[in-house]
Amino acid sequence: MSEYDTIRQQVLDYSQRLAHEGFFKGTGGNVSIRLPNQDILAITPSNQDYFAITPNDICVYRFDQSKVEADLKPSIEMGFHIAVYQARPDVGCVMHTHQDFASAIALIGKPIPALFDEQVRFLGRSVEIIPYAPSGTGFLVKQVRKAVKNHHNAYILKNHGVLCLGPDPERTFHNVLLLEKAALSYLLALYTEEKISKIPLVIREIAFGKLRSEQKKIEERLVTLSEGDV
Ligand SMILES: [Zn+2]
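Here we summarise the structure given alongside this text. Each chain carries its own residue numbering, running from 1 in the direction its sequence is written. Only residues with pLDDT of at least 70 are given local features in this predicted model, and only at 80 or more are side-chain atom pairs given and counted; all residues enter the totals for whole chains, interfaces and linings. To get the side-chain values, take all heavy atoms of the structure and skip hydrogens and water.

What follows deals with the coordination of the zinc ion. Ligation of the zinc ion by protein atoms is provided by H96 (NE2), H98 (NE2) and H160 (NE2), these donors lying 2.0 to 2.1 Å from the ion. Each metal's donors are the N, O and S atoms found within 2.8 Å of it, except that Na, K and Ca use a 3.2 Å limit; water is left out, so coordination can look incomplete. Motif for the zinc ion, donor spacing along one chain: H-x1-H-x61-H. Looking at H98, the relative accessible area reads 22%, which means it is partly exposed. Exposure categories follow from relative accessible area, calculated using a 1.4 Å probe and restricted to protein chains: below 20% of the type maximum is buried, above 50% is exposed, and the middle band is partly exposed.

Three or four residues apart is the spacing at which side chains of an α-helix point the same way, because the helix has 3.6 residues per turn. Counting from the N terminus, the helices are the DSSP runs of H or I reaching at least four residues and the strands are the DSSP runs of E reaching at least two. Buried within helix α3 (residues 100–108) we find A102, S103, I105 and A106. Buried residues of α3, viewed axially, fall in a sector of 150°; they line one side. The secondary structure elements touched by the buried residues of α3 are β6 (128–130), β7 (154–157), β8 (161–166) and α6 (169–192). Directions drawn from the helix axis to the C-beta atoms are what define this arc. It only takes one pair of heavy atoms within 4.5 Å for two residues to be counted as in contact.

Once that is clear, we can look at the packing of aromatic side chains. Pairing of aromatic side chains requires ring centres within 6.5 Å, counting the rings of Phe and Tyr and the six-membered ring of Trp. Pairs whose planes differ by under 30 degrees are stacked, by over 60 edge-to-face, and all others tilted. Here the structure, examined in full by the defined rule, presents 3 aromatic pairs. Between the aromatic rings of F24 and Y50, the centroid separation amounts to 5.1 Å while the plane-to-plane angle is 45°, which identifies the pairing as tilted. Remark: Y50 occurs in the loop between β2 (40–43) and β3 (59–62) and F24 occurs in the loop between α1 (5–20) and β1 (30–34); sequence separation between them is 26 residues. Like F24, the residue Y50 is buried in the burial classification. Measuring from ring centre to ring centre gives 5.9 Å for F63 and Y85, while their planes differ by 5°; the resulting arrangement is stacked.

Turning to empty space enclosed by the protein, a few remarks are in order. Using only the protein atoms, space was sampled on a 1 Å grid; points where a 1.4 Å probe fits but cannot get out form cavities, open sets with protein on both sides within 12 Å along at least five of seven lines form pockets, and lining residues are those with an atom within 4 Å of a point. Grid points are joined across faces, edges and corners, and a volume is the space filled by probe spheres set on the points. Counted by the stated rule, this structure contains 1 cavity of 30 Å³ or more. For the largest cavity, the full set of lining residues is D90, N153, G166, P167, L211, E214, Q215 and I218. With 4 residues, helix α7 (residues 201–229) is the largest single contributor of residues to the lining of the largest cavity. Three classes are used: nonpolar for Ala, Val, Leu, Ile, Met, Phe, Trp, Tyr, Cys and Pro, charged for Asp, Glu, Lys and Arg, and polar for all others, with Gly counted as polar. Taken together, the residues that form the lining of the largest cavity break down as 3 nonpolar, 3 polar and 2 charged.

So, about the packing of helix α2 (residues 78–87) against helix α5 (residues 138–147). To describe two helices that pack against each other, one gives the angle between their axes and the distance between the axes. Fitted lines through C-alpha atoms give the axes, limited to the stretch in contact for helices. The angle between two N-to-C directions lies from 0 to 180 degrees. Axis separation between α2 and α5 bottoms out at 9 Å; the angle between their running directions is 25°. If you check the angle between α2 and α5, you find them roughly parallel. Considering only the axes of α2 and α5, their crossing is right-handed. Contacts between α2 and α5 involve G79, F80, A83, V84 and A87 from the former and L140, V141, V144 and R145 from the latter. Looking at the contact of α2 with α5, its residues break down into 7 nonpolar, 1 polar and 1 charged. Note that the term roughly parallel is reserved for angles under 35 degrees, roughly antiparallel for angles over 145, roughly perpendicular for angles of 65 to 115, and oblique for everything else. Note: crossing handedness is left-handed where the near helix turns anticlockwise from the far helix by less than a right angle, and right-handed where it turns clockwise.

Further remarks concern the pattern of salt bridges. Here, a salt bridge means any Lys or Arg side-chain nitrogen found within 4 Å of an Asp or Glu carboxyl oxygen. This structure, assessed with the given rule, holds 7 salt bridges. In this structure, D90 engages R88 in a salt bridge whose closest nitrogen and oxygen atoms are separated by 2.9 Å. Residue classification places R88 among the buried residues on the basis of a relative accessible area of 1%. R171 is paired through a salt bridge with E214; the nearest N and O atoms lie 3.0 Å apart. Of this pair, R171 sits in helix α6 while E214 is found in helix α7, placing the two residues 43 residues apart along the sequence.

The criterion is simple. A nonpolar core is a set of buried Ala, Val, Leu, Ile, Met, Phe, Trp, Tyr and Cys residues joined through side-chain atoms within 4.5 Å. Within the largest apolar cluster, 38 residues are counted, with the highest numbers of intra-cluster contacts made by L18, M95, I105, I112, V127, I156 and L179. When residues of this core are assigned to their parent elements, the largest contribution, 6 residues, is made by α6. I43, C59, V91 and L140 belong to the second-largest nonpolar core, a separate cluster that totals 24 residues.

Attention now moves to the pairing of β7. Along a regular strand, successive side chains alternate from one face of the sheet to the other. Where burial is concerned, the two faces of β7 agree: the one with A154 and I156 and the one with Y155 and L157 are both buried. The pairing criterion for strands is at least two bridges between them, as found by DSSP. Pairing between β6 and β7: 3 bridges, direction parallel. Within β7, the position partnered with E128 by the bridge is Y155. Pairing of β7 with β8 involves 4 bridges; the strand directions are antiparallel. Opposite L157, over in β8, you have G161 as the bridge partner. The hairpin turn running from β7 into β8, its antiparallel successor, is 3 residues long, and N159 in that turn takes a positive phi close to 50°.

Note that every value here comes from positions in space, so none of it alone points to a role or purpose.
And the structure:
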């Protein structure tokens, strides 16, 4: 038994759900969950079949990349998972996938504008493209750290895949699904070569305002908790 059993099980469960959806190709893609109020994350191991591993194979690391508990090597993208948690106190879970339709957008490099109310409410004003940098490098970590400061919850990694964030695993999983739906609709609409209509600006701002106020509440709660520690 370990104090990390529950969080490890959650990381594995959501990895398998993403694999079931076909959002992980082979061993590609990774999931992490932050431990509440600690600079520690549980993350999928590198290069493993998500249906062949057990919760004990999920790696637990500190944000300084030192090991807490792990038998296998962590995902090579652990650096950008940590960068997200450090830049965004509201984020409790990070999912990186190679899902089909959003990955097609990653090739054309066109941000997804505000197409649907629900998209903006949960993902942000738009889905921006994070400039290309090779997997597992410090260059990619730097690009991710910079991009997530706009408080959105979904991004497309150019010529690579996607990055979805959320306050908890269930919401992050929902964001992954929502992004794929928006990506498919956008691709189909682009294919028609007709003018693509967006939601009115005022509605976009109201929907994004709801997301922001939710994020601010989480940040405030964290501040209160850390003040309580002193
Ligand atoms: Zn990847």
